[in-house]
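Listed below are the residues making up each chain.
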There are 2 protein chains.
Amino acid sequence: MAAKYVSINNQLFLEEDARIGVSDLAMHRGYGIFDYFKVIDKRPIFIEDHFNRFYNSAKEMYLEVMLDRVELRKAIEELIEKNGVPTSGIKLLLTGGYSEDGYKMGKPNLIISQYPLNMQEENHFDMGMKLITYSHQRQLPFIKTIDYLQAVRLHPFMKENNADDVLYHNNGTITECPRANFFIVTGDKIITAANNILKGITRSKVLNFKIDGYTIIEKDFTLDELTNIHEAFITSTTQYAYPVAAIDGKLIGDGKIGPVTRQVREQLFKLIYADT
Amino acid sequence: MAAKYVSINNQLFLEEDARIGVSDLAMHRGYGIFDYFKVIDKRPIFIEDHFNRFYNSAKEMYLEVMLDRVELRKAIEELIEKNGVPTSGIKLLLTGGYSEDGYKMGKPNLIISQYPLNMQEENHFDMGMKLITYSHQRQLPFIKTIDYLQAVRLHPFMKENNADDVLYHNNGTITECPRANFFIVTGDKIITAANNILKGITRSKVLNFKIDGYTIIEKDFTLDELTNIHEAFITSTTQYAYPVAAIDGKLIGDGKIGPVTRQVREQLFKLIYADT
C-alpha cells in the first residue's frame, strides 16, 4: 500500500483522493513508463541511474516529463517529508496523458507514490525462490514500460506450478524474469543475458563486482545450459540479489544460497549502504 | 471526447468526475481489456458478437465482469438514455482493478464511455488510406487487451512517413493493422490473414459475404504478395470497410476505391442498418 500522500503532476493528494481521469492513455492503451528505487533513511539509492533510465524511457516513448531532474528530486523530497516515511520504495509513473480520442497521446501525467519498507524484512530471507520457465519475448525490452500483460496473466499459472516467479526465454534463449535480471554460476563464470532484456540498475552494479575465482560476463545462454549450473540468482531493486532454489521443479545445487550469491548480495548491501 | 456521463462500476459520473484511483493495474501494469461497438439510433450493432468477445477477453485475462450480459446491456441503455445521445460508439473497458502491491490483480473496474458519432461523417469518405508496414507481432493477439504500446509509439513514425496507419507483419507475414483487419484482392480471391491476429467482428461478417466472381478466404500471405494486388481494404467497427490507396508509398490499383471494396462496404452498410 502507498503512503498517505501521493504526488500527481507535482501536487500532493491524499492516497484516497489520488485519482486520474478515465481518458488517460494508460487506461485505454496501456501507454506509460515508470521507474522504482529505494530510499533508505532519506537517502535515495542509485538515484542518478534511475533518473537516467526514467528520462530515457520517457524520451523513447515520446513522453515529456513536466519536471526536470532538479525539480523531480525536489518533488520526491517533499513527498518523503510530507509522508514522514524515511525508508521506502518510490515509484515514478508517467502515463500517455488525457487523450482526446482515446488513442493519441496527451500531456503526460506524472504520479509519484511512496511505499513504506520494513528494513528487517528487507535484509534477510528464508529460502531461495522457485522459478518456472515460459517462452515470451517482451516488446521494447530495453524501455521500462508499464507492459506486464503476460507477467500478470501468468499469476495463476505460477500458482498452479508452485512457482514464485517466471523466467522468460525467447525460443530457448533465456532473457530475464518479469521484474528482475537472472544470473547463473557455471564453471568459473557468472553469466547474465546480454540481449532483449531490460538492463537493470542492480544488474549493472553486479557486472562491476569482483568475485574471487570468477569472471562476470554478459552473454546469452539457453535453457539447455541450466543443467550444468551450481548457482542461480536474480537481481532487482526490490530483491537485491536473491538466490534461486529451483527452476521448473529441478533443484539448483542444494537449493540453499550458494557462496557466489552470498558474496554478490553482501557486496550489493555494502554498495547500497555506502551510496550517497 | 466522451459524452457528458460515464459509467464506472455501474454508477454514473459526470465525465470530469470520472476518475480511477492511481493504484489501478491498468496504470501500473497496462493490464486490462476492452471492446467497442456502435449504437445507431439506440440500436446497438452486433452487440451479441461484441459481448461474446468482451466476456471471452475478460475470461482469458482472469478478470471478472461485475455485470452479467443482461445487467451490462441495461447499464449501457441507461447511459445512452442519460446522455441523450442515440448514435454513438460505446467503449467497455475492464481493468485489473485496485492492486494492493501494484502487481497483483484487484477487483476489476468496469468503465463504460459513450462517444457521439456524426452519421454524415460516418457514411462517406474522400480517399483511400495510406499504410506503412512495420514488423511487430502483438502479444496475445487473439485477446482484445489494452496493449497498444507499439501502435501509439509509432504515431511520430507514421507522421514522418505520411501514413494514416500501420500495417503489421511478422517477419514478412502480414497480420493486421493496430485497430483493423486487412484484406487484399488478388486474382479471383479476397484474402485476409488467418493467424496471430485479433479476429474482428467486422472481419467475421465480411468472411460470410458473397461477392460475384470472387472467393473470400482466410490465409496467411506475405509482403511479397502485395505486388500483385488490385485492391486492398481494412475492416473495423469504426471504419466499416475502408479502401487502402497505398502501402509503403506504392499505389494500389489507381489509388481509388475498387469495385470489390465498394461492394463489401455496401453489404456491410446493409447488414448494419438491418441488424437488430
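Once a new chain begins, its residue numbering starts again from 1 and follows that chain's sequence as written. Lettering of chains starts at A and numbering of ligands starts at 1, both following the order in which they are written. Only residues with pLDDT of 70 or above have their local features reported here, since the model is predicted, and side-chain atom pairs are shown and tallied only from 80 upward, although totals for entire chains, interfaces and linings are computed over all residues.

Trainee: I'm lost on the sheet that holds strand β7 (residues 110-116) of chain B in this one. Help?
Mentor: Two pairing modes exist for strands in a sheet, parallel and antiparallel, and in both the strands are linked by backbone hydrogen bonds. Residue and element names in this part refer to chain B. Strands were regarded as paired on the criterion that DSSP finds at least two bridges between them. Helix and strand labels come from DSSP, where a helix needs a run of H or I of at least four residues and a strand needs a run of E of at least two; each type is numbered from the N terminus. Pairing is antiparallel across the open sheet formed by six strands, whose spatial order is β2-β1-β7-β6-β4-β5. Two strands close off the open sheet at either side, each with one partner strand: β2 (11-14) and β5 (43-44). As paired strands, strand β4 (residues 32-40) and β5 are joined by two bridges and run antiparallel to one another. Bridge assignment links Ile40 to a residue of β5, and that residue is Arg43. Sitting on the sheet, helix α2 (residues 47-60) touches β4, β5 and β6 (88-95), and the angle it makes with β4 is about 170 degrees. By definition, residues are in contact whenever their C-beta atoms, placed on the basis of the backbone, come within 7 Å of each other. Fitted lines through C-alpha atoms serve as axes, helices being fitted only where they are in contact, and the angles separating the N-to-C directions of these axes extend from 0 to 180 degrees.

Trainee: Where do I start with the relation of the copies chain A and chain B in this structure?
Mentor: These two copies of the chain differ by a rotation about an axis and a displacement along the same axis. Relative to chain B, chain A is turned by 180 degrees and slid 0.0 Å along the rotation axis, the superposed coordinates differing by an RMSD of 0.0 Å. The transformation relating the two chain copies, once decomposed into turn and shift, fits a two-fold axis. Residues of chain A ranked by C-alpha distance from the rotation axis are headed by A:Gly30, positioned 2.0 Å from it. Both copies share a contact surface, since 100% of the interface residues of chain A are interface residues in chain B too. Least squares is the method used to superpose the copies, on C-alpha atoms of residues holding a pLDDT of at least 70 in both.

Trainee: What is the right way to look at helix α8 (residues 259-274) of chain B in this model?
Mentor: Residues and elements named next belong to chain B. The span one expects for a helix is its residue count, reduced by one, times 1.5 Å. Counted at 1.5 Å a residue, the expected span for α8 with its 16 residues is 22 Å, and the 22 Å between its end C-alpha atoms agrees. Listed in full, the buried residues belonging to α8 are Val260, Thr261, Val264 and Arg265. End-on view of α8: buried residues confined to an arc of 130 degrees, all on one side of the axis. Turned more than 90 degrees off the buried face of α8, the exposed positions are Lys270, Tyr273 and Ala274. On its buried face, α8 is in contact with β11 (181-186), β12 (189-192), α7 (201-207), β14 (231-236) and β15 (240-247). Counting other C-beta atoms within 10 Å of a residue's C-beta gives its exposure: the residue is buried at 20 or more, exposed at 12 or fewer, and partly exposed in between, where C-beta atoms are placed from the backbone. This arc is built from the directions going out from the helix axis to the C-beta atoms.

Trainee: Is there a simple way to explain the sheet that holds strand β6 (residues 88-95) of chain A in this structure?
Mentor: Residues and elements named next belong to chain A. Spatially, β2-β1-β7-β6-β4-β5 is the arrangement adopted by the six strands of the open sheet, whose pairing is antiparallel. Two strands in the sheet have a free side with no partner beyond their single neighbour: β2 (11-14) and β5 (43-44). Where strand β1 (residues 5-8) lies against β2, four bridges are found, and the strand directions are antiparallel. Looking at the pairing, Tyr5 lines up with Leu14 of β2. Helix α2 (residues 47-60) contacts β4 (32-40), β5 and β6 of the sheet and is inclined by roughly 170 degrees relative to β4. Against the sheet, helix α3 (residues 69-83) engages β1, β2, β4, β6 and β7 (110-116), with an angle of about 40 degrees to β7.

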